[in-house]
2 protein chains.
Amino acid sequence: MELNYDKLGNGLVPAIAQDYKTGEILMLAFMNKEAFEKTVETKKATYYSRSRNKLWVKGESSGNIQEVKDILIDCDNDAVLLKINQIGDAACHTGFNTCFYRTANSSNELEITGRKIFNPEDVYKK
Amino acid sequence: MELNYDKLGNGLVPAIAQDYKTGEILMLAFMNKEAFEKTVETKKATYYSRSRNKLWVKGESSGNIQEVKDILIDCDNDAVLLKINQIGDAACHTGFNTCFYRTANSSNELEITGRKIFNPEDVYKK
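From a predicted model like this one, the values you see are computed outputs, not experimental measurements.

Draft legend 1. Highlighting the relation of the copies chain B and chain A. Superposing chain B onto chain A takes a rotation of 180° combined with a translation of 0.0 Å along the rotation axis, leaving an RMSD of 0.0 Å. Such a combination of turn and shift is consistent with a two-fold rotation axis. Minimal C-alpha separation from the rotation axis in chain B is found for Gly23 of chain B, amounting to 2.7 Å. Both copies present the same face, since 97% of the interface residues in chain B are matched by interface residues at the equivalent positions in chain A.

If you want it as structure tokens, here you go:
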């Protein structure tokens, strides 16, 4: 199960997290080789944070970890799909269930269509 | 509805295509600004082909176009989720219904879990 990390030019591949029960897309993040291997080994979704330049075990701050149920790879080995169990029912740091909580309406303006699960100020305390 | 095209360093954002009825993830590709705007305008999924360095209306060769039903944007405006109607029932150039047609088994070997819809040799004739 070898991925192609060369396509984007930064050693990363995109990874989609999908709720394994509802099929809802929860987030899209990136993995380097280490993050992918750690995800396979630990069965906890682990990404590479481009802003912090380090491995990022999803939920390490919020407690909302992602238990990996299935790992799928795309046809040209440069994208990952994780079917996950989202602990805490919220994947997004904004407190919504999904990072894709906004949908374009007929005027192409974004409307909130996700579900707010928690208040970020309560969870990410200083 | 402005996206952030600067994060990856190549002017692209990842875009997920999800079957709007079944919730199945069909593919992940990339869009530049022009591809995104064309997708919004035409309601046909249009990506940027990194191998051909040009806009790519999905299905222009195979006929398997993607009718866009909904466009969702993620929390930091750097990823797109398209809910689509996949004409021809197959999104992948390999002839499978989804590009994510392989799933890692308990030995971390990839097994085919997708459905074969067409024979690529019949569809992409020389």
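Draft legend 2. Fine view of the environment of Met1 of chain A. Position of Met1 of chain A among the secondary structure elements: in the segment before strand 1 (13-19). C-alpha of Met1 of chain A to C-alpha of Ile73 of chain A: the two residues are 72 residues apart in sequence and 8.5 Å apart in space. The contacts of Met1 of chain A, once residues within four sequence positions are left out, are Ile73 of chain A together with Ala104, Asn108, Glu109 and Leu110 of chain B.

Draft legend 3. Up close: the interface of chain B and chain A. Contacts between the two partners involve 32 residues from chain B, matched on the other side by 31 residues from chain A. In terms of residues, the side of chain B that touches chain A owes the most to one element, strand 5 (residues 66-73) of chain B, which gives four residues. Classifying every residue of the side of chain B that touches chain A gives 19 nonpolar, seven polar and six charged.

Draft legend 4. Broad picture of the pairing of strand 6 (residues 80-86) of chain A. All names here are of chain A. Burial analysis of strand 6 places six of its seven residues in the buried class, the great majority of the element. As paired elements, strand 1 and strand 6 share five bridges and run parallel to each other. Bridged to Asp19 within strand 6 is Ile84. As paired elements, strand 5 (residues 66-73) and strand 6 share seven bridges and run antiparallel to each other.

The rules behind these values
- Residues numbered from 1 in each chain as written.
- Chains lettered and ligands numbered in written order.
- Predicted model: local features only at pLDDT ≥ 70, side-chain atom pairs only at ≥ 80, totals over all residues.
- Least-squares fit on C-alpha atoms with pLDDT ≥ 70 in both.
- Contact = placed C-beta atoms within 7 Å.
- Helix = DSSP H or I, 4+ residues; strand = E, 2+ residues; numbered from the N terminus.
- Nonpolar A, V, L, I, M, F, W, Y, C, P; charged D, E, K, R; others polar.
- Buried ≥ 20, exposed ≤ 12 C-beta atoms within 10 Å, placed from the backbone.
- Pairing = 2+ DSSP bridges.

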